[in-house]
Amino acid sequence: MSKNNPNQFDVAIIGAGAAGMMCAAVAGQRGRRVVLIDHAGKLAEKIRISGGGRCNFTNVGAGPQHYLSQNPHFCRSALSRYTPQDFIGLVKRHRIGFHEKHKGQLFCDDSAEDIIAMLKAECEAGNVSWRMPCTVQEVGKSGEQFRIATSAGEIQASSLVIATGGLSIPKIGATDFAYRIAGQFDLKLVETRPGLVPLTFDGKAWQSLTELAGIALEVSVETGEKKERGHFLEDLLFTHRGLSGPAILQISSFWRPGTPLRLNLLPELDVAQLLIHGKGTLKKNLGNLLAQWLPNRLAEGWLKINGFDANARIADMPDKSLKKLGDSLNHWVILPSGSEGYRKAEVTLGGVDTRELSQQTMMANKVPGLHFIGEATDVTGWLGGYNFQWAWASGVAAGSAV
């Protein structure tokens, strides 16, 4: 900051979440004079609540194939220049204990607070200035300088980075600020919608399934066709309003209203074939047999919902009925009526169109000095640490360039 003007900086970053703090730390440690502005009273609430409070901070296998975008190759550059191993190295330098859960997901041993403290310490190492809580009233550009009117007075900067995230979880302060700034500078947006979100079903249609609430099991789920197709093998959770669990959160980012989900509740088994071929040897009744493959309550409820008698002996049942039961488990097709929306969504799909940005620096091609990073952009990761890796990688890309 200038000695004459304490509100003059090289770089102003609006949004002190994962991407914003990462960007500030990198730019500050390069010797840039950086100010980090955030409207919240509590720092990095989204990091704090992530991963059940333990922050799933990256995924060891994160690559471009794990991201959704209308411009799918955009994320390659930043992800290749700042990898999961780079962030793991930072975590190790700060002596934060961590462990791997399934499918490459890394979590803190203790608390997400460790990641917040690490990012804050990295910002301090770069002499980053803070304005928090501080609301931004207006952003303008005069010549090569950005002028930011805030509740703490006007801030001027040569570079402005927007790291205010998307619309998910409004109760912790999510707003459309990034999209308003993009619109102000005539940048295109990709339509936004909730991602990584539980799906809901019409009340009457779901009524018979509410008694299954609380049951979880690993399933195969898919939706869409060809290029738009999503397919996952993950845990499913029945709820009172619909379906949730990792399988549904993953598929929700691919799901479009009016399209069905295709579920296989027993992906390892061909149930119809097992039942029909086993008629001569299986002495059991339907309820007992299904309970070997499914949680007890699900086996019982599924038979009832689909009109089967749990006490019926398999040997006495016609092949047609056994095939119907098998198909109901291996080929369950169901049409969601909607989702739980932004209030339960972990991320926002869509955002600032990345065709407007440089993949090297995250800068708007037609507005020199204006950068967008993290969830504000149309780059959305799968569930499992991928969105944090995009926050780190895009933050580093901008922080290295401003």
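Here, the structure is the one placed above.
About the cut-offs
- Residues numbered from 1 in each chain as written.
- Predicted model: local features only at pLDDT ≥ 70, side-chain atom pairs only at ≥ 80, totals over all residues.
- Heavy atoms only, no water.
- Helix = DSSP H or I, 4+ residues; strand = E, 2+ residues; numbered from the N terminus.
- Contact = heavy atoms within 4.5 Å.
- Buried < 20%, exposed > 50% of the residue type's maximum accessible area, 1.4 Å probe, protein only.
- Core = buried A, V, L, I, M, F, W, Y, C linked by side-chain atoms within 4.5 Å.
- Pairing = 2+ DSSP bridges.
- Axes fitted to C-alpha atoms, helices over the stretch in contact; angles between N-to-C directions.
- Expected span 1.5 Å × (residues − 1).
- Arc of directions from axis to C-beta.
- Phe/Tyr/Trp six-rings, centres within 6.5 Å; stacked < 30°, edge-to-face > 60°.
- Lys NZ or Arg CZ within 6 Å of the ring centre and 35° of its normal.

Trainee: Is there a simple way to think about the side chain of Asn285 in this case?
Mentor: Mapped onto the elements, Asn285 comes out in the loop between helix 9 (271–277) and helix 10 (286–293). Beyond its immediate sequence surroundings of up to four residues, Asn285 is in contact with Ala310, Asn311, Ala312, Arg313 and Ile314.

Trainee: Sorry, what's going on with the environment of Glu234 here?
Mentor: Topologically, Glu234 is positioned in strand 14 (residues 230–238). Judged by its relative accessible area of 5%, Glu234 is buried. Once you skip the residues sitting within four places of it in the chain, Glu234 turns out to touch His102, Lys103, Leu217, Glu218, Val219, Pro246, Ala247 and Gln250.

Trainee: Is there a simple way to think about the nonpolar core in this case?
Mentor: When a protein is soluble and globular, its nonpolar side chains tend to lie buried together. One finds Ile47, Phe87, Ile115 and Trp392 to be the most contacted residues of the largest nonpolar core, which totals 82 residues. When residues in this core are grouped by element, the largest group, nine residues, is from helix 13 (residues 386–399). Setting aside residues no more than four positions away along its own chain, Ile47 makes contact with Gly17, Ala18, Met21, Cys55, Ala112, Ile115, Ile116, Leu119 and Phe388. Grouped together as the second largest cluster of nonpolar side chains are 42 residues, Phe232, Ile251, Leu275 and Leu294 included.

Trainee: Can you walk me through the sheet that holds strand 6 (residues 105–108) in this structure?
Mentor: Sheet strands line up and pair through hydrogen bonds in the backbone, either parallel or antiparallel. Spatially, three strands are ordered 3-6-5 in an open sheet, and the strand pairing comes out antiparallel. Single-partner strands in this sheet number two, and they are strand 3 (56–59) and strand 5 (98–100). Pairs of neighbouring strands in the sheet enclose a mean axial angle of 25°, with direction left out of account. When strand 5 meets strand 6, the two strands line up antiparallel, connected through three bridges. Residue pairing across strands places Glu100 opposite Leu106, the latter belonging to strand 6. Of the strands in this sheet, strand 3, strand 5 and strand 6 are in contact with helix 4 (residues 84–93), which crosses strand 3 at around 140°.

Trainee: Teacher, can you tell me more about unusual backbone geometry here?
Mentor: Working note: non-glycine residues mostly have negative phi, and peptide bonds are mostly trans. Cis geometry marks the peptide bond from Met132 to Pro133; its omega dihedral reads -5°. Among the secondary structure elements, Pro133 is positioned in the loop between strand 7 (129–131) and strand 8 (136–142). The phi torsion at Leu196 lies on the positive side, around 50°, for a residue other than glycine. When you line up the elements, Leu196 lands in the loop between strand 11 (189–195) and strand 12 (199–200). Assessed through its relative accessible area of 2%, Leu196 is described here as buried.

Trainee: Would you mind going over the environment of Ile334 with me for this structure?
Mentor: Position of Ile334 among the secondary structure elements: in strand 17 (residues 332–334). In sequence terms Ile334 and Leu261 are 73 residues apart; their C-alpha atoms lie 5.4 Å from each other.

Trainee: Is there a simple way to explain helix 5 (residues 113–125) in this structure?
Mentor: The α-helix advances 3.6 residues per turn, and as a result positions three or four apart in sequence lie on the same side. When the terminal C-alpha atoms of helix 5 are compared, their 18 Å separation across 13 residues agrees well with the 18 Å that a helix rising 1.5 Å per residue should span. Along helix 5, the positions that sit buried rather than exposed are Ile115, Ile116, Met118, Leu119, Glu122 and Cys123. Summarising the axial view, the buried residues of helix 5 lie within an arc of 160°, below the 170-degree limit, and thus occupy one face. Following helix 5 by one or two positions, Asn127 has its phi on the positive side, about 55°.

Trainee: Can you walk me through the pairing of strand 8 in this structure?
Mentor: Across six bridges, strand 8 lies against strand 9 (residues 145–150) in antiparallel orientation. Paired with Lys141 across the two strands is Phe146, which belongs to strand 9. In this structure, the hairpin formed by strand 8 and strand 9 is closed by a connection of two residues, where Gly143 is found at a positive phi of approximately 65°.

Trainee: Please clarify how the sheet that holds strand 16 (residues 261–264) should be interpreted in this entry.
Mentor: The seven strands lie next to each other as 17-16-13-14-15-12-18, forming an open sheet whose pairing is antiparallel. The strands lining the two open edges of the sheet, one partner per strand, are strand 17 and strand 18 (338–339). Pairing between strand 13 (residues 216–223) and strand 14: eight bridges, direction antiparallel. Looking across to strand 14, one finds that Ala216 is bridged to Leu237. In the packing of helix 12 (residues 319–330) onto the sheet, contacts are made with strand 16 and strand 17, and the angle to strand 16 comes to roughly 115°.

Trainee: Please explain the packing of aromatic side chains as it appears in this structure.
Mentor: Inspection of every chain in the model, using the stated rule, returns 13 aromatic pairs. Between Phe74 and Trp390 the ring centres are 6.3 Å apart and the planes differ by 65°, which places this aromatic pair in the edge-to-face class. In this pair, Phe74 is assigned in the loop between strand 4 (67–68) and helix 3 (76–81) and Trp390 in helix 13, connecting sequence segments 316 residues apart. The same class applies to Phe74 as to Trp390, namely buried. Their ring planes at 65° and their centres at 6.3 Å tell us that Phe146 and Phe185 sit as a pair that is edge-to-face. One end of the pair, Phe146, is in strand 9; the other, Phe185, is in the loop between helix 6 (177–184) and strand 11, with 39 residues separating them in the sequence. A connected cluster of aromatic rings, assembled from ring pairs, spans Phe57, Phe87, Phe98, Phe388 and Trp392. It is Lys101 that lies over the ring of Phe107; its NZ or CZ is 4.5 Å from the centre.

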